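# Structure assessment
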Amino acid sequence: MERYERKIRIKKNILYVLLFLSFVIIIVIGELGRLNILLDGRNVPVLAETTQKIIAFGWLIYLVFQIKKCSNIIKNPMLLEERCLEEHDERKKYIDGKVGNLGFQLLINCLFITTFFASFINIQVFYTLLAILLLSISIKYLLIWYFDMKF
């Protein structure tokens, strides 16, 4: 159990670093936009602007939620034990293996990042990446649903 608690503490520290880096990236993007290095804000379509905000603030909210979740798990020994058992559930691991969860998660994260940055640089690339991102997310959840029903 101590090993799992250490793992949660490391995860929490990594989340804090990611939160800090996210704020730095948002500040850098703001400064680059002010210096007119990125696309002119007047020429950015509403969809691109909305997607920028959803991805940026959604990511920050997700990080804060995960940090709070890790803190609650560390504080509560019963919850720590429950999460440890849940993480080692063989059925869930089998379904994740069938879906290729790690590969899909890396693909989706890379697509989120590239879609976010493409919305500042090139609108045509942004639309293409957004379509691929939405398709990847839908395929992932359709596969999870299918294998959950099957097994």
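Data block above holds the structure.
In this report, the structure presented in the accompanying data block is examined. (Residues numbered from 1 in each chain as written. Predicted model: local features only at pLDDT ≥ 70, side-chain atom pairs only at ≥ 80, totals over all residues. Heavy atoms only, no water.)

### With respect to helix α1 (residues 2-34)
Between its first and last C-alpha, α1 extends 48 Å over 33 residues, near the 48 Å set by a 1.5 Å rise per residue. Residues of α1 that are buried: Tyr 4, Ile 8, Lys 12, Leu 15, Leu 19, Ser 22 and Ile 29. A positive backbone phi angle near 60° is found at Asn 36, which sits one or two residues after α1. (Helix = DSSP H or I, 4+ residues; strand = E, 2+ residues; numbered from the N terminus. Expected span 1.5 Å × (residues − 1). Buried < 20%, exposed > 50% of the residue type's maximum accessible area, 1.4 Å probe, protein only.)

### Quick look at the nonpolar core
Judged by nonpolar contacts, the single largest core of 13 residues is most densely connected at Tyr 4, Ile 8, Leu 15, Leu 19, Ile 73 and Leu 80. For this core, the element with the highest residue contribution is helix α2 (residues 46-75), accounting for 6 residues. Non-local contacts of Ile 73, meaning those with residues more than four positions away in its chain, are made with Ile 8, Leu 79, Leu 80 and Arg 83. Formed by 10 residues, the second largest nonpolar core is a distinct cluster that contains Ile 108, Ala 118, Leu 129 and Leu 133. (Core = buried A, V, L, I, M, F, W, Y, C linked by side-chain atoms within 4.5 Å. Contact = heavy atoms within 4.5 Å.)

### Describing the packing of aromatic side chains
For the structure on display, the rule yields 5 aromatic pairs. A ring pair is formed by Phe 126 and Tyr 127, whose centres lie 5.4 Å apart and whose planes are at 55°; its orientation type is tilted. For Phe 126, a relative accessible area of 0% puts it in the buried group. Given the relative accessible area of 38%, Tyr 127 is considered partly exposed. Considering the side-chain rings of Tyr 146 and Phe 147, the 5.1 Å spacing of their centres and the 70° angle between planes classify their relative orientation as edge-to-face. (Phe/Tyr/Trp six-rings, centres within 6.5 Å; stacked < 30°, edge-to-face > 60°.)

### Some details on helix α5 (residues 101-121)
Under the 1.5 Å per step criterion, the end-to-end length of α5 is 30 Å for 21 residues, consistent within 8% with the ideal 30 Å. Within α5, the full set of buried residues consists of Phe 104, Ile 108, Leu 111, Thr 115, Phe 116, Ala 118, Ser 119 and Phe 120.

### Considerations on the environment of Val 28
Here Val 28 lies in helix α1. Its relative accessible area of 42% is what places Val 28 among the partly exposed residues.

### Structural notes on the packing of α1 against helix α3 (residues 77-87)
Viewed as axis vectors pointing N to C, α1 and α3 meet at an angle of 90°, and their least axial separation amounts to 10 Å. One finds that α1 runs roughly perpendicular with respect to α3. Of the residues in α3, those touching α1 at Tyr 4, Glu 5, Lys 7 and Ile 8 are Leu 80, Arg 83, Cys 84 and Glu 87. (Axes fitted to C-alpha atoms, helices over the stretch in contact; angles between N-to-C directions. Parallel < 35°, antiparallel > 145°, perpendicular 65-115°, else oblique.)

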